[in-house]
Amino acid sequence: MTHTLTAESVAYAYESASPVFSQVDAAVRAGEILGIVGPNGSGKSTLLRVMSGLLRPGSGRVTLDGRPLSAFSNVDRARTLAFLPQAVNPAFALSVFEVVCLGRYPHMGAFGALSAHDREVAERCMRHTEIEALETRDFLTLSGGERQRVLLASILAQEPDILLLDEPTAALDIHHQIELFALLARLAEDGYGFAVVTHDLNLAARFCDRLLLLTNWRETPISGTPAEVLTGPRLSEAYAAAIRVDRHPVTDAPLIWAETPAGNGPSAGGDGPPLEGGRS
Amino acid sequence: MTRRGRRFFVALVVAGSIAMVLLSLLTGAEPLSVARAWREWRSGIPMTEAPTLSILVQQRMPRTLAALLVGSGLALVGCAFQAMLRNPLATPYTLGVASAGAFGAWTATVLMAGYGLTRSILGVSSVQVFAFVFAEADVLIVYFLAARKGKVSPTVLLLGGVTMGMLSNSGILLMRYLSDPERLKMMDHWLMGGVDVLGYGPVLTLLIGVAPCMAILLAQMAKFDQLGFGVEIAAGRGINVRLLQTSTFFVGSLMTAVIVSVAGPIGFVGLIVPHAVRSVTGSRHRILMPVSVIAGGGFLCFCDIVARKLLPGETPIGIVTTLLGGPFFLYLLLRRRFTDWGA
Ligand SMILES: Nc1ncnc2c1ncn2[C@@H]1O[C@H](COP(=O)(O)OP(=O)(O)O)[C@@H](O)[C@H]1O
Ligand SMILES: [Mg+2]
């Protein structure tokens, strides 16, 4: 069965604050990667929290296969829908393997015993994210990028159909960034659905089927295919920076880059001195 | 730690605790002959005419049971509070329950001395009733401080608990000031805790107050793993974080209040046992919690044996747990890497 997670004109405001967004429509479909992009503080993480059922939308609704999220039991929801937050802050030491096994929670019995099947799933997910070599390491001693891959493995071990990932590539090196997106693309072909928050617009352009661009001043995001969303004027407005969109000479995908702000160090392509002064 | 190593450790803890229970039954002011107790049992004479058997059944058994229940209960609440507050320094007393209970006990003593409070209320000693009521009042106050609009803040729980504890402590000082010197010694003894219970009444109180709460906490083992790892990720995996925090808070505090009201504020067990176990088994609560329960019971039996034997007469057990536990805890701190407790 293919699953769809839909947000219909959802709005959200934190306590006594102005709305982060209103009127957001978004759909995460099986077989697709939805990219969520936008400047810092534009509400990307908030949107994922709302879509994962952690926060209740102020208005509008979030449905999974047509049923409102609130109609699911927590565990039923977690078996279909997984959420990887932007940061975790473990209070106790756990090994990498233990962390990956935590993902099996929605499938466990009451006392949390791991079956042979649970272990197999965990090991498969560790292979997917290339962390087998870290298996016995203490999670807290890993580098930021290693941690992100371990977390991704633990979310995959949950065996959900739809995954909401908040900046999964933020700390990854260029090899693992591309590996991660390639892995997501492969899994999407197998029928998984993804919503991925990322700051890497070039990767988003290459791998996402649809994009949602949140901004700090519009309450409704811009949505569409990467080609529709990633235009110079739109991005320049959203990020309040001079952003150019060219064509990649090899892949022909959009190539997004920002011009250096005027009077702030070397100009694009120039070889002037490094930034010095220039800020008040 | 390998699975085999872990099994070996668990076996060791179980064997050690059983040994402590047996030793506790045999230890006391005078040595107890098992053979004679057995003969008295076989002969079927009434308890009143069987001195050895009656010591065993009327004194040693309730005392040992009380030590087991108190030790395992405190160790379990320690584990649960550390997970709930996501803070490895949390103890059953972090939220001020012990100090509030002690304050209640002192208040009862002063009221009994000068203001006509009866010695017992509905068959339970007034000191116990007051200790329990004050402890529960502390729990409610701390909870209402920390709960806002569908959320419980662990930080406010901690700060509120510590502040309530300090308030109670100054209340204790006031009560001490108001008491006559006769009572001071008796109450100081209470404040250091003890499982020297008389008969089965207190054991029954402990059993009713502690056993169901332990069952509830143990049933949450898998959830504590998730909560300890991260709040949002736990919620995403289907855990009702607020319900888990609230129920753990109330169940753990209730249990602690019952324990404190019966045995006084016995220190350190709830901190040191979970950490000692954690340093061997790791932080998966499915292993950590049951092993801590067994180790906590055994450890308190051991401390109670020492309390009976260390000095002529009885040493308050709270002194023993701290004297034995403190250096051991320092040793753990020296030996372990800091990441064992997260960061
Ligand atoms: N718990 C919170 N309470 C109040 N405001 C918040 C909270 N979390 C985020 N915000 C605010 O909501 C806005 C969107 O935040 P967030 O969704 O984290 O942005 P992004 O992930 O796009 O960087 C920001 O202005 C942020 O300051
Ligand atoms: Mg964010």
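Structure's up top.
What counts and what doesn't
- Residues numbered from 1 in each chain as written.
- Chains lettered and ligands numbered in written order.
- Predicted model: local features only at pLDDT ≥ 70, side-chain atom pairs only at ≥ 80, totals over all residues.
- Heavy atoms only, no water.
- Contact = heavy atoms within 4.5 Å.
- Buried area = accessible area lost by both parts, 1.4 Å probe.
- Salt bridge = Lys/Arg side-chain N within 4 Å of Asp/Glu carboxyl O.
- Polar contact = N/O pair within 3.5 Å; in protein donor to acceptor, adjacent residues only side chain to side chain.
- Helix = DSSP H or I, 4+ residues; strand = E, 2+ residues; numbered from the N terminus.
- Nonpolar A, V, L, I, M, F, W, Y, C, P; charged D, E, K, R; others polar.
- Donors = N, O, S within 2.8 Å, 3.2 Å for Na, K, Ca; no water.
- Buried < 20%, exposed > 50% of the residue type's maximum accessible area, 1.4 Å probe, protein only.
- Expected span 1.5 Å × (residues − 1).
- Near = heavy atom within 4 Å.
- Areas by Shrake-Rupley, 256 points an atom, 1.4 Å probe, with all protein chains shown as cover.
- Axes fitted to C-alpha atoms, helices over the stretch in contact; angles between N-to-C directions.
- Parallel < 35°, antiparallel > 145°, perpendicular 65-115°, else oblique.
- Left-handed = near helix turned anticlockwise from the far one by under 90°.
- Pairing = 2+ DSSP bridges.

**Q** I would appreciate a short explanation of the interface of chain A and chain B in the present structure.
**A** Many structure descriptions define interface size as the accessible area lost when the parts assemble. At the interface, 38 residues of chain A touch 33 residues of chain B. A buried area of about 2,900 Å², summed over both sides, lies between chain A and chain B, and 59% of it is on carbon and sulfur atoms. The interface formed by chain A and chain B includes one salt bridge. Run the count over chain A and chain B and you get seven residue pairs in polar contact (both at pLDDT 80 or more). A total of four residues in the side of chain A that touches chain B trace back to one element, the largest contributor, which is helix α2 (residues 74-80) of chain A. Broken down by class, the residue content of the side of chain A that touches chain B amounts to 25 nonpolar, seven polar and six charged.

**Q** Got a minute to help me understand the coordination of the magnesium ion (ligand 2) in this structure?
**A** Octahedral metals with six donors have ideal donor angles of 90 or 180 degrees. Tetrahedral metals with four donors have an ideal donor angle of 109.5 degrees. All names here are of chain A. Summarising the metal site, the magnesium ion (ligand 2) is bound by the protein donors Ser 45 (OG) and Gln 86 (OE1), whose distances to it range over 2.0 to 2.3 Å. Linking Ser 45 in helix α1 (residues 44-51) with Gln 86 in the loop between β6 (81-84) and α3 (96-102), this pair joins segments that are 41 residues apart in sequence. Given a relative accessible area of 14%, Ser 45 falls into the buried group.

**Q** Would you mind going over helix α5 (residues 144-156) of chain A with me for this structure?
**A** Because each turn of an α-helix spans 3.6 residues, side chains separated by three or four positions end up pointing in the same direction. All names here are of chain A. If you check α5, its first and last C-alpha atoms are 18 Å apart, about what 13 residues at 1.5 Å a residue would give, namely 18 Å. Counted residue by residue, α5 has ten buried out of 13 residues, so it is predominantly covered. If you check which residues of α5 are buried, you get Gly 145, Gln 148, Arg 149, Val 150, Leu 151, Leu 152, Ala 153, Ser 154, Ile 155 and Leu 156.

**Q** Would you mind going over the site of ligand 1 with me for this structure?
**A** All names here are of chain A. Around ligand 1, the neighbouring residues are Tyr 14, Val 20, Pro 39, Asn 40, Gly 41, Ser 42, Gly 43, Lys 44, Ser 45 and Thr 46. In the model, an oxygen atom of ligand 1 is placed 2.8 Å from a nitrogen or oxygen of the Gly 41 main chain. The backbone of Lys 44 places a nitrogen or oxygen atom 2.8 Å from an oxygen atom of ligand 1. In the complex, the protein chains occlude 57% of the 560 Å² of accessible area that ligand 1 would expose alone. Classifying every residue of the shell around ligand 1 by side-chain character gives three nonpolar, six polar and one charged.

**Q** Please explain the packing of helix α3 (residues 51-84) of chain B against helix α13 (residues 285-309) of chain B as it appears in this structure.
**A** Residue and element names in this part refer to chain B. Running from amino to carboxyl end, α3 crosses α13 at an angle of 140 degrees, the nearest separation of the two axes being 7 Å. Relative to α13, the element α3 is oriented oblique. Two packed elements cross with a definite hand, and for α3 against α13 that hand is right-handed. When the residues that make up the contact of α3 with α13 are grouped by side-chain class, the tally is 13 nonpolar, eight polar and four charged.

**Q** Help me out: how do you make sense of the sheet that holds strand β5 (residues 67-68) of chain A in this one?
**A** Strands pair in a sheet through their backbones, by hydrogen bonds, and they do so in one of two ways: parallel or antiparallel. Residue and element names in this part refer to chain A. Across the sheet, which stays open at both edges, the four strands sit in the order β2-β1-β4-β5 with antiparallel pairing between neighbours. A strand with exactly one partner marks an edge of an open sheet, and here the two such strands are β2 (21-29) and β5. Of the strands in this sheet, β1 (4-12), β2 and β4 (59-64) are in contact with α1, which crosses β2 at around 65 degrees.

Any link to function would need more than the numbers given here.
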